[in-house]
Amino acid sequence: MVWRVAVIGAGVGGLVSVKCCLDEGLEPICFESSEDIGGVWRYTDSTDDSRVSVYRSVITNTSKEMSCFSDFPYPEDFPSYLPHSLVLEYFRMYAQHFDLLQHIRFQTTVLSVRKCPDFTTSGQWEVVTKTGGVCESHIFDAVMVCTGHYQEPYLPLASFPGIESRFKGQHLHSREYRDVQAFRGKRVLVVGIGNTGGDLSVELSRVAAKVFLSTRSNTWVISRVSDHGFPCDMVGTTRFNHFLDWLLPSALTRRIRFRKFNSWFNHTNYGLASSKSSKFKMIINEELPFCLLSGTVVLKPNVKEFTENSSVFEDGTTEENIDVVLFATGYNFSFPFLEESVRNVIDDNRSLYKCIFPPQLEKPTLAIIGLIQLTGSIMVGSEMQARWVTGIFAGWNKLPPSCRMMADVLKRKPQVKRNSSGRENLKMSFISYTDEIAACAGVKPSVLRLLLTDPQLALAVFFGPCSPYQFRLVGRGKWSGARAAILTQWQRTLKPLRTRVVDDNSDSSSGWHWMCLLSLPAALTAGFLFSKYHQPGWSPWAG
């Protein structure tokens, strides 16, 4: 019997879940409350509805080669970093290529997801939906929740005395921000220095009378443009660098990383971060340092309180005549449609087995897709989750018993409840997490095996970008185009830049190949020499 799978949401997670269900011979039905695909990447001018979308000027923080679906590269003429319109266009191409739209029911809201009375034996769910005022009940063998973690704006007004009782200006959450027009000529205070807070501060500085950026965190700012002008994630997110992080003492890797960050500009001089800080965050923003240097953005510590028209900061300073306070304080996640017994055990992604499965369920037929924040693209992580989950539903992959899953969850760090710092609990290493799920799904590539069978590809996999195509080299879902995609990813990165060709005899890629050849023996030797000093178990070489 073919399993019927309910997929909730037609954003990134929903699209890959539908596609993976079809790949495994399952029968997906996707419910999307709005009229189109794309999730947060479908920009709209309106802020009236409850749907969260990106702001008008947003540009991706991850490059196209590092954030594409693993068997469907971006068009080679697309730029490396993309505006929301091109991301949405890519989603449409993906949906059309794999014929996904016929499996999506638009303008259909999921009201409830409840266990069937015989759940302990059947594992089935009753899903109640509403379309055009008409409610309908469905029975599904499994459910994939793909609503992500950008759902409810987190607005901690109680932490800012006076903002509601005394402050006469306007305050709003970044969810309501679309463009700069409403802020022209005003004095604006942005609270929060995540990627959104940094982006909006820079953008507002072009039209506002003054922009103040308040933060309580040590923050390292990095540029999308890395060595030799290549995308920073393609240069930095490699298995070789990941191997060094595993091999070297954490204090040493942290020192190397901080020195690299400070080679662009000294973060201490700018009041952003100190090399002595143990807790810190990283944001991607090329323009913020110049805005701070030119004074169009002024960095301030955490806000202590608000008066009628000013903000008082924890260092005792005051900024007068504040017109607008813009809270870039992130989002909470919630699953109001899940029955209470299930919803209450999901404090954060660490309360889920592999950040996907509620381990308390008698049958593992409910999966949460995309409740993660990675140091790389969430698109890649969500797709890997969907591949593993649908393999389980189809019977190809197996989960351990519930008691073992519970034990694994309890071994993780103490859980943090839903609050501003709780979002940090979602953050994980891109390569570590994706490799972990890929290993469960049987699709993690083995560098040593590749070295014996295809040395050129092995070098590209180990020293080059850890791009999504690597997870289509072996196992179920193997893609015949994966090898070529890996070996040509640098050419696709440069292709949109070739609008004016300049004669140059030097070959920037040749140095990279020589580095690979010279570094491989050292890496292999170091791995074997140092492996005895590490706990047995995980190894970056394992397949």
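Since we're looking at a predicted model, the values are computed, not measured.

**Looking at the sheet that holds strand β17 (residues 318-319)**
Strand order in the open sheet made by the three strands is β15-β16-β17, with antiparallel pairing throughout. Two strands lie at the open edges of the sheet, namely β15 (303-306) and β17, each paired on one side alone. Inspection of the sheet shows strand β16 (residues 311-313) paired to β17 by two bridges, in the antiparallel sense. Following the sheet pairing, Val312 is matched in β17 by Thr318.

**Observations regarding helix α5 (residues 195-204)**
Across the ten residues of α5, eight count as buried, placing the element largely inside the fold. Of the positions making up α5, those classed as buried are Gly197, Gly198, Asp199, Leu200, Ser201, Val202, Glu203 and Leu204. Summarising the contacts, the buried residues of α5 are in contact with β10 (187-191), β11 (210-214), β13 (281-284), α9 (288-294), β14 (297-300) and β18 (324-327).

**Describing the layout of surface pockets**
Of the volumes computed, that of the second largest pocket is approximately 210 Å³. Every residue lining the second largest pocket is counted, 13 residues in all, and those nearest its centre are Ser57, Ile59, Asp199, Arg224 and Glu287. A breakdown of the residues in the lining of the second largest pocket according to their chemical character gives five nonpolar, two polar and six charged. In terms of domain composition, the lining of the second largest pocket takes at least three residues from each of domain 1 (4-151 + 333-411) and domain 2 (154-330).

**With respect to the nonpolar core**
Ranked by size, the top nonpolar core spans 108 residues in total, and within it Phe69, Phe91, Met144, Leu204, Phe357, Trp388 and Phe393 carry the most contacts. Among the elements that take part in this core, helix α11 (residues 378-393) stands out by supplying eight residues, more than any other. Two domains each donate at least three residues to this core, and these are domain 1 (4-151 + 333-411) and domain 2 (154-330).

**Notes on the packing of helix α7 (residues 239-247) against helix α15 (residues 455-463)**
In the contact formed by α7 and α15, the axes pass within 5 Å of each other and the chain directions differ by 55°. With respect to α15, the axis of α7 lies oblique. Judged by residue contacts, Arg239, Phe240 and Phe243 of α7 engage Val461, Phe462 and Phe463 from α15. Among the residues making up the contact of α7 with α15, the classes are represented as five nonpolar, no polar and one charged.

**What about the sheet that holds strand β4 (residues 108-115)?**
One open sheet holds the three strands; their spatial order is β4-β5-β6, and the pairing between them is antiparallel. Of all the strands in the sheet, just β4 and β6 (134-140) have a single pairing partner and so form its edges. Strand-to-strand twist of the sheet, defined as the mean angle between neighbouring strand axes without regard to direction, takes the value 20°. Where β4 lies against strand β5 (residues 125-131), seven bridges are found, and the strand directions are antiparallel. Considered in β5, the bridge of Thr109 is made with Lys130.

Criteria and cut-off values
Residues numbered from 1 in each chain as written. Predicted model: local features only at pLDDT ≥ 70, side-chain atom pairs only at ≥ 80, totals over all residues. Heavy atoms only, no water. Pairing = 2+ DSSP bridges. Helix = DSSP H or I, 4+ residues; strand = E, 2+ residues; numbered from the N terminus. Buried < 20%, exposed > 50% of the residue type's maximum accessible area, 1.4 Å probe, protein only. Contact = heavy atoms within 4.5 Å. 1 Å grid on protein atoms, 1.4 Å probe; cavity = no way out; pocket = protein on both sides within 12 Å on 5 of 7 lines; lining within 4 Å. Points joined across faces, edges and corners; volume = space filled by probe spheres on them. Nonpolar A, V, L, I, M, F, W, Y, C, P; charged D, E, K, R; others polar. Domains from an automatic or database assignment. Core = buried A, V, L, I, M, F, W, Y, C linked by side-chain atoms within 4.5 Å. Axes fitted to C-alpha atoms, helices over the stretch in contact; angles between N-to-C directions. Parallel < 35°, antiparallel > 145°, perpendicular 65-115°, else oblique.

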